[in-house]
Amino acid sequence: MNRKLWMLANVFVLAALVLAACGGGTPAPAQPQQPAQPEQPQQPAAEEITIRWRTRPDNQEEINVYSTISKELDAQLDGIKLVYEPGGTEGANYQDQLRTEVAAGTAPDVFWIPGTDIADFATRGLILNIADLAARTEGFDVNAFYPGPMYHLTYNPANGQSGANSGALWGLPRDVSTFALYLNLDLIEEAGAPDPRELAKQGKWDWEAFLDVAKKTRALGSDIYGYGASAWWGPYGVWLNAAGGGFFNADRTACALNTPESLKGLEFQRALYQEHDVAVPYGEDPEPPFRAGKVAMFQNGRWATPGIRTVTFNWDVVELPKGPNGHMGNWLFWGAYVINAKTQHPEQAWKLLQALTTAETQGKVAALGANIPSRVGQEAFDAFLTFTPPANNQAFLNGLADNPATEGPLWAGSWPEYDKIMGPAIQAVLTGSKTVEEFGATICDEANKAFNK
Amino acid sequence: MTHASHPAGELLTPHTLLVLRLLAAWRALFSLLALLGALAPWTGLLPGLPVWQGLLISVALGLAAVFSLLASRDILLRRHRGRMLSLVLDYLSLVACFIAVLQIGGVFLGIDALGEVFGRSIWFLFVVLAGYLLGAAGDYFLHDPRTEALLRQIGKWVMLFGALAFLVVANLPQGLLALARNLANPAGLGAVAGMVVFGLALWAMWRSPTALALNARTGHEQMLSGWLFLSPNLLGFLIFFAGPLLLSFYFSFTDSDAFNPPNWVGLANYARILNVTIKPLASPDQLAREVLDISVYDEVGRLKIGNGGLLFGAEDRFFWLALRNTLMYALAVVPLSVIPALVLANILNSKLPGMKFFRAVYFIPSIAAIVGIALVWQWLYNATVGYINYFITLAVEFLNNTFQAGLTDPKIRWVSDERTALLSIIIIAAWQTMGFNTVLFLAGLQNIPGELYEAATVDGAGAWDKFWRITLPLLAPSTFYVVSTTTIQAMQVFEQVFILMNPPEGPNNSTITLVLYLYRSGFQNFKQGYASALAWVLFIVIFGLTLIQFRQQRRSSIYEN
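Residues numbered from 1 in each chain as written. Chains lettered and ligands numbered in written order. Predicted model: local features only at pLDDT ≥ 70, side-chain atom pairs only at ≥ 80, totals over all residues. Heavy atoms only, no water.

Caption draft 1: Region of the structure containing the overall build of chain B. Regarding its fold elements, chain B presents 22 helices and three strands. Projected onto its principal axes, the C-alpha coordinates of chain B cover approximately 100 × 75 × 60 Å. In chain B, buried positions account for 43% of the 561 residues. Expressed as a percentage of contacts within chain B between residues at least 6 apart in sequence, the contacts between residues at least 24 apart total 64%. Counting 34 positive and 29 negative side-chain charges, chain B places the centres of these two groups 8 Å from one another. (Helix = DSSP H or I, 4+ residues; strand = E, 2+ residues; numbered from the N terminus. Buried < 20%, exposed > 50% of the residue type's maximum accessible area, 1.4 Å probe, protein only. Contact = heavy atoms within 4.5 Å. Lys, Arg positive; Asp, Glu negative; His and termini not counted. Charge placed at Lys NZ, Arg CZ, Asp CG, Glu CD.)

Rendered as structure tokens:
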């Protein structure tokens, strides 16, 4: 009997597992991934519609906050059952995983994408144009959000117009962010350099003052650096912007990397790495040495704050130094919640989208310190200033107030293609294997091809 | 089941005859349905279906219709071929219906949630196991029937309790309800009905009276059993390997972006990859735009010759940069992971104490997760706080202080300098692959007869002569296997680059590799069609290299046979 019984038990276990797998299921089209909550998933009531949503958290704390928000909104939104999926981090290829799921038709009903991806997703029909839903919604106003992101989120490629009446709305911004310089105050004091925060208050925080602080701190030792920034388009772009240049021309239809202003910004940055040798070598991750107390000024966004809060030295932030054209050249980073074009419940997804971007919800996320609310308003600013440390949160708001360039997609071209050409070329300059002149002579010949694709 | 001893089909009962007629009719009906299904994609019944899927459906169902019709005729003529065809068609259809039931029932996607549920319920499987062991313990009390029966009874009840508890905790009731709910639609019910019908047809055709009536022999049964056992693997191969392979070949002739129906572009993707030009340069620093049509080509590289030179341009320069980097990488990694492995294997093959320990130690990098390895090396390579530079600095200071060497600390920027970025990847790969190759060489070494070495010793051969004249030639098959698999692996390098480098392409594209470029094109730039073409070009390159190695092996393997 035993052998037969043993076989039967095995078959039984397998069959039970297969059937149990159905127990975690939710109605189409949104099929369940790994449930966000450890508790036993509850079956929604028959009349409830399940909406899956996903956003990219940077750490477990953010996952916890989003999970809590999901539960609270679940209770608020009648007839909607929410399922939150963390979806990994940038290191875990949030975007790649999401695109694969979109292609397979299993992506969530609502998901977050970075601002640079909006055009690709919109023009390929992967996200829903919710302009009609928004128009039917009483009290909804696109002007409640920062105008930069809303320009792209309301851009209609069919008529080339943007704004409340363009006939297009691709999503709502989750949050915004800008760069600031995270300061190791102990190093700066030890070097006898002036306090950048004081210089900024006095209006004297410019490239020259920045270089002075960087040089003085670098002189502390061969393993101490004055400045550090990561190797992607954000950090190097600010120097081009601050010199009056930029990546694109005004209407974002052609390369502007070879303009005298852009080259001036690049030249200053090259000198930081090559001539003055004050920066952590380009391409090396500057965060570990900053955390180890070996970098005086670390350029990063608000999202780095939770991690920096764990360092043991005295630290604060200061806005970016002003460039030759009197501006910092900062970016307005943003990402948006969008609705899957294949969702079967657009009305419910739209309700969730609005609920996720209320001042109250954004305030809960911003309290973690990683984000700045995407709604414009003194109330949001006042709340943000209380999320310390850093003490000088105003530095981020100053960055927002200084006419930052909006991170955005290329409606007339392919941003990934453009970035693929621009990134290595800039890196070649900053690591000393190409001169600025050589860069300027050829870059737009190559980069302009991204506008035809 | 053996039928060879029975007279074939002479003593048919009316019931068997009826079954045969029904099966022949079923085959005719199946053929008709399959034919209608084959035409469906072209009648507008399946709107939005991509052409390739329509073709696939038509070809598969068309073939099924033809074979089913053939089988129907064979059954009426009592030919065993009809039975074989019927079994194959019904089995495949049953599998298809079963997969459809799982899909429509939401089982595949629900499996993600199973990990959590299983974690809670697994403990009750131990109760089931305990019950089984308790029942099995009855075997030790054969002399005492009462105790034996009692133990078996208790064991059964314990197993039953454990099983029920497992089912409840594993959400089986909810699972059954969800399955029923998901299947309560025309597609779901159709798939269930299909399973029942195909299952019955299979059973009717498989049973002994039918087999006898259709002249089944022992050989037929053995063959069918063989195919049946092989079928899970074969179907898996066809669905998950051969299918995607052919699909990617089709996609390579389209502009597929993975989201929208692809358009046929012929050889355009391949033409773009292979479109290159070489132009003479008036001076070594002449701008590319002065000699190239920059609306089409980009500069890949230039060769300086005297006061002039040659400029190499390509429509897709990233492909050529990736090919160059990949070949350079393979050229370095293969010898660096094969030659040290050979030396190491010879050392580990000796009978010195502790060799088994070292065999395990050298093998560890091969089984360690590549992501973890790359992250560790990322820290080691860090130019400012990494251990490698730290030890170099210590060594330089020591030499300068002790010997007044006057050395300068190189402060190597391992991953951020285009001169060392690829080298950094090569070091990791060689370190990681060496252990595995060592094990392969060890296996080869242990196959070499010891008598040969003894004879060589008697003849006065030294250690080097033995290695050069015995070990190396007799290791040729192992060496060929190691070299060819290491080359194939090297040509497919991806993970190390993707994780270690930031951005993965490295400074000035110095670490862009073919698979990395393929991945970027397909999954980040929405160009699945182009990425498929890149994959096939990579396949041709690897195939060519392997072919060369095969030919070289045939020429040099004098000791084979």
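Caption draft 2: Representation of the overall build of chain A. Scanning chain A for helices and strands turns up 19 helices and 11 strands. The buried share among the 453 residues of chain A stands at 60%. Here the analysis covers contacts within chain A between residues at least 6 apart in sequence; of these, 75% occur between residues at least 24 apart. Of the accessible surface of chain A, which amounts to about 17000 Å², a share of 51% is contributed by carbon and sulfur atoms. (Areas by Shrake-Rupley, 256 points an atom, 1.4 Å probe, with all protein chains shown as cover.)

Caption draft 3: Summary view of the sheet that holds strand E3 (residues 308-314) of chain B. All names here are of chain B. One open sheet holds the three strands; their spatial order is E1-E3-E2, and the pairing between them is antiparallel. For this open sheet the edge positions go to strand E1 (276-281) and strand E2 (298-305), each flanked by a neighbour on one side alone. Each strand axis lies, on average, 20° off the axis of its neighbour in the sheet, ignoring direction. The pairing of E1 with E3 spans six bridges and is classified as antiparallel. From the neighbouring strand, Leu281 faces E3, where its bridge partner is Gly309. Most of the contacts of helix H12 (residues 317-348) go to E2, to which it runs at about 55°, and overall it touches E1, E2 and E3. (Pairing = 2+ DSSP bridges. Axes fitted to C-alpha atoms, helices over the stretch in contact; angles between N-to-C directions.)

Caption draft 4: A look at the domain arrangement of chain A. Residues and elements named next belong to chain A. Assigned domains within chain A: domain 1 (49-176 + 333-406) and domain 2 (179-329 + 413-450). Once you take the C-alpha centre of each, domain 1 and domain 2 turn out to be 28 Å apart. Listed as interface residues are 26 residues of domain 1 and, on the opposing side, 27 residues of domain 2. Interface area for domain 1 against domain 2, summed over the two sides, is near 2100 Å², with a carbon-plus-sulfur share of 58%. Contact with domain 2 buries area across many residues of domain 1, yet Phe333, Phe396 and Asp402 alone supply 30% of it, more than any other trio. Taken together, the links from domain 1 to domain 2 amount to zero salt bridges. Of all the secondary-structure elements, those providing two or more residues to the side of domain 1 that touches domain 2 are helix H17 (394-401) and strand E11 (405-406). With four residues, H17 is the largest single contributor of residues to the side of domain 1 that touches domain 2. (Domains from an automatic or database assignment. Buried area = accessible area lost by both parts, 1.4 Å probe. Salt bridge = Lys/Arg side-chain N within 4 Å of Asp/Glu carboxyl O.)

Caption draft 5: View of the sheet that holds strand E7 (residues 295-301) of chain A. All names here are of chain A. Taken in spatial order, the four strands of this open sheet run E6-E7-E5-E8, and their pairing is mixed. For this open sheet the edge positions go to strand E6 (225-228) and strand E8 (315-318), each flanked by a neighbour on one side alone. Neighbour-to-neighbour, the strand axes of this sheet turn through a mean angle of 20°, independent of strand direction. Bridging between E6 and E7 involves three bridges; their strand directions are parallel. Looking across to E7, one finds that Tyr227 is bridged to Met297. Packing of helix H9 (residues 207-218) onto the sheet brings it into contact with strand E5 (179-184), E6 and E7, and relative to E6 it is tilted by some 130°.

Caption draft 6: Spotlight on the confidence of the model for chain A. Predicted confidence across chain A gives a mean pLDDT of 86, with 89% of residues reaching 70 or more. Low pLDDT, under 50, characterises residues 24-45 of chain A; the predicted model gives this stretch 51 contacts beyond four residues in sequence or across chains. (pLDDT = per-residue confidence, 0-100.)

Caption draft 7: Fine view of the packing of helix H3 (residues 80-104) of chain B against helix H7 (residues 186-206) of chain B. Residues and elements named next belong to chain B. Closest axis-to-axis distance for the H3/H7 pair is 8 Å, and the angle between their directions is 155°. Our classification of the angle between H3 and H7 gives roughly antiparallel. Of the two possible hands of crossing, H3 and H7 adopt the one that is left-handed. Between H3, through Arg83, Ser86, Leu87, Asp90, Tyr91, Ser93, Leu94, Cys97, Phe98, Ala100, Val101 and Ile104, and H7, the contact on the second element is made entirely by Ala187, Gly188, Ala191, Val192, Gly194, Met195, Phe198, Gly199, Ala201, Leu202, Met205 and Trp206. (Parallel < 35°, antiparallel > 145°, perpendicular 65-115°, else oblique. Left-handed = near helix turned anticlockwise from the far one by under 90°.)

Caption draft 8: Representation of the state of the cysteines. Residue and element names in this part refer to chain A. All chains considered together, the criterion is met by one disulfide over all chains. Disulfide pairing is shown between Cys255 and Cys444; the S-S distance is 2.0 Å. Between Cys255 and Cys444 the disulfide shows an S-S torsion of about -60°. By sign, it is left-handed. You can see Cys255 sitting in the loop between helix H10 (233-242) and helix H11 (260-273) and its partner Cys444 sitting in helix H19 (residues 436-447), a full 189 residues away along the chain. A single burial state applies to Cys255 and to Cys444, both of which are buried. (Disulfide = S-S within 2.5 Å.)

Caption draft 9: Up close: unusual backbone geometry. Residues and elements named next belong to chain B. For Asn215, which is not glycine, the phi torsion reads 60° and is therefore positive. Unusually for a residue other than glycine, Asn509 sits at a positive phi of about 60°. Of note, Asn509 is situated in the loop between helix H20 (495-500) and helix H21 (514-524).

Caption draft 10: Looking closely at the environment of B:Phe98. Structurally, B:Phe98 is set in helix H3. Between the C-alpha atoms of B:Phe98 and B:Thr13, which are 85 residues apart in sequence, the distance is 33 Å.

Caption draft 11: Up close: the nonpolar core. Counting residues in hydrophobic clusters, the biggest one holds 109 residues, and the most contacted among them are A:Trp205, A:Phe247, A:Leu257 and A:Tyr418. The element that contributes the greatest number of residues to this core is H12(B), accounting for nine residues. Dropping the residues within four chain positions of it, A:Trp205 is found in contact with A:Leu181, A:Pro196, A:Leu199, A:Ala200, A:Phe210, A:Val213, A:Met297, A:Val318, A:Glu319, A:Leu320, A:Pro321 and A:Lys322. If you look at the next biggest cluster of nonpolar residues, it comprises 78 residues, including A:Ile69, A:Ile127, A:Met150 and A:Val311. (Core = buried A, V, L, I, M, F, W, Y, C linked by side-chain atoms within 4.5 Å.)

Caption draft 12: The pattern of salt bridges, seen in detail. Residue and element names in this part refer to chain A. Throughout the structure, instances matching the rule amount to 36 salt bridges over all chains. A salt bridge links Arg52 to Glu85, with the shortest nitrogen-to-oxygen separation between them at 2.5 Å. Placement of Arg52 in strand E1 (residues 49-54) and of Glu85 in strand E2 (residues 80-85) is noted, with a sequence separation of 33 residues between them. Residue classification places Arg52 among the buried positions, given a relative accessible area of 0%. Here Asp223 ties to Lys294 by a salt bridge, and the two come within 2.7 Å at their closest N and O atoms. Of this pair, Asp223 sits in the loop between H9 and E6 while Lys294 sits in the loop between helix H12 (287-291) and E7, placing them 71 residues apart in sequence. With relative accessibility at 32%, the residue Asp223 sits in the partly exposed group. Put simply, Arg52, Arg54, Glu85 and Glu101 are held in one network by salt bridges that share partners.

Caption draft 13: Seen up close, the domain arrangement of chain B. As assigned here, chain B comprises domain 1 (107-183), domain 2 (276-314) and domain 3 (318-556). Using only C-alpha atoms to locate each centre, domain 1 of chain B and domain 3 of chain B end up separated by 49 Å.

Caption draft 14: Local environment of H21(B). All names here are of chain B. Most of H21 is tucked away, with 10 of its 11 residues classed as buried. By the burial criterion, the buried members of H21 are Leu514, Val515, Leu516, Tyr517, Leu518, Tyr519, Arg520, Ser521, Gly522 and Gln524. In the segment just after H21, Phe526 is the residue with positive phi, at about 60°.

Caption draft 15: Fine view of H9(A). Taking 1.5 Å of rise per residue, the 12 residues of H9(A) would be expected to cover 16 Å, and the 16 Å separating its terminal C-alpha atoms lies within 8% of that figure. Taken as a whole, H9(A) has its buried residues at A:Trp207, A:Ala209, A:Phe210, A:Leu211, A:Val213, A:Ala214, A:Thr217 and A:Arg218. (Expected span 1.5 Å × (residues − 1).)

Caption draft 16: Main features of the packing of aromatic side chains. The final tally for this structure, using the stated rule, is 76 aromatic pairs over all chains. Note on A:Phe140 and A:Trp350: the rings are 5.2 Å apart at their centroids and 75° apart in plane angle, and the pair reads as edge-to-face. Taken together, the residues span a long stretch of sequence, with A:Phe140 in the loop between helix H5 (131-135) and helix H6 (147-153) and A:Trp350 in helix H14 (residues 346-356) at a distance of 210 residues. Taking the relative accessible area as the measure of exposure, A:Trp350 reaches 3% and is therefore buried. For the ring pair B:Phe30 and B:Phe198, a centre distance of 5.9 Å and an interplane angle of 80° mean the geometry is edge-to-face. Placement of B:Phe30 in helix H1 (residues 14-39) and of B:Phe198 in helix H7 is noted, with a sequence separation of 168 residues between them. (Phe/Tyr/Trp six-rings, centres within 6.5 Å; stacked < 30°, edge-to-face > 60°.)

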